[in-house]
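Listed here are the chains, written in short residue letters.
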Amino acid sequence: MKTTFREEDGKYIVTLEGRLDTVSSEQTAKELSVLNDCTGHDIIIDCEKLEYISSSGLRILLGIRKNASAVGSKVKILNLSDDIRKVFNMTGFSALFDI
């Protein structure tokens, strides 16, 4: 799992690449912990190169959303593949995020 983080135009942009599963979730959560202090910044998560997401990965995204919401920031998810979009729809995550 590869995670890229950058700040652009007052937004935090995260690119997820590979498999966000149980094996990679602990390291990915550490890498994305910088988003816990997102006050004044909306977050964009680009999933174009994300191949798979497990419940562990979904928990990471939910935590990011909860932290962002608590400080008035928004989270937008871009470029979901059809398979990952199905996971979001089945779990109700598509109603939680701006996709």
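Refer to the structure printed above.
These numbers come from a predicted model, not from an experiment. Residues take numbers from 1 onward in each chain, read along the sequence in its written order. Only residues with pLDDT of 70 or above have their local features reported here, since the model is predicted, and side-chain atom pairs are shown and tallied only from 80 upward, although totals for entire chains, interfaces and linings are computed over all residues. Excluded from the side-chain calculations are hydrogens and water; all other atoms, namely the structure's heavy atoms, are used.

Points about the nonpolar core
Piece 1. By size, the foremost hydrophobic cluster in this structure holds 24 residues, and its most contacted members are Leu16, Ile43, Ile45, Leu61, Ile64, Ile77 and Phe88.
Piece 2. Strands are runs of DSSP state E lasting at least two residues, helices are runs of H or I lasting at least four, and both sets are numbered from the N terminus onward. Mapped by element, the contributors of at least two residues to this core are strand E2 (11–20), strand E3 (42–53), helix H2 (55–70), strand E4 (75–78) and helix H3 (82–91).
Piece 3. Contacts were defined at the residue level, with two residues in contact if any of their heavy atoms lie within 4.5 Å. Among all residues touching Leu61, those that are not within four sequence positions of it are Leu16, Ile45, Ile53, Ile77, Phe88 and Phe97. Among buried residues, those of type Ala, Val, Leu, Ile, Met, Phe, Trp, Tyr and Cys that are joined through side-chain atoms within 4.5 Å constitute a nonpolar core. The classification of residues rests on relative accessible area computed with a 1.4 Å probe and restricted to protein chains. Under 20% of the type maximum is buried, over 50% is exposed, and intermediate values are partly exposed.

A look at the packing of aromatic side chains
Piece 1. Put simply, two rings from Phe, Tyr or Trp (the six-membered ring, in Trp's case) pair if the centres are within 6.5 Å, and we call them stacked under 30 degrees between planes, edge-to-face over 60, tilted for the rest. In this structure the tally under the stated criterion is four aromatic pairs.
Piece 2. A centroid spacing of 5.9 Å and a plane angle of 80 degrees characterise the contact between Phe88 and Phe93, whose relative ring orientation is edge-to-face.
Piece 3. Aromatic side chains Phe93 and Phe97 sit 5.9 Å apart centroid to centroid with 25 degrees between the ring planes, which places their arrangement in the stacked category.
Piece 4. Classification of Phe93 by relative accessible area gives buried; the value is 10%.
Piece 5. The rings of Phe88, Phe93 and Phe97 are connected pair by pair, giving a single aromatic cluster.
Piece 6. One cation-aromatic arrangement involves Arg19 over Tyr52; the distance from NZ or CZ to the ring centre is 4.3 Å. Over a ring means this: the NZ of a Lys or the CZ of an Arg is within 6 Å of the ring centre and within 35 degrees of the ring normal.

A short note on the state of the cysteines
Piece 1. To count as a disulfide, a pair of cysteine sulfur atoms needs to be within 2.5 Å. Per the counting criterion, the structure on display carries zero disulfides.
Piece 2. No disulfide involves Cys38; its sulfur sits 17 Å from that of Cys47, the nearest cysteine.

A few points about the environment of Ile53
Piece 1. Assignment of secondary structure puts Ile53 in strand E3.
Piece 2. Sequence-wise, Ile53 and Asp83 are 30 residues apart; in three dimensions their C-alpha atoms are separated by 9.5 Å.
Piece 3. Here Ile53 is in contact with Leu20, Leu58, Leu61, Ile84 and Val87, once residues within four sequence places are set aside.

Considering the pairing of E4
Piece 1. Burial along E4 is one-sided: Val75 and Ile77 are buried, and none of Lys76 and Leu78, which face the opposite way, are.
Piece 2. In the sheet, E3 pairs with E4 via four bridges, with the strands oriented parallel. Following the sheet pairing, Ile44 is matched in E4 by Lys76.
Piece 3. Once you follow E3 into H2 and on to E4, the crossover reads as right-handed. By this definition, two strands are paired if DSSP reports at least two bridges between them. By definition, the crossover connecting two strands over a helix is right-handed if that path, from the first strand to the second, turns clockwise as seen with the strands pointing away from the viewer.

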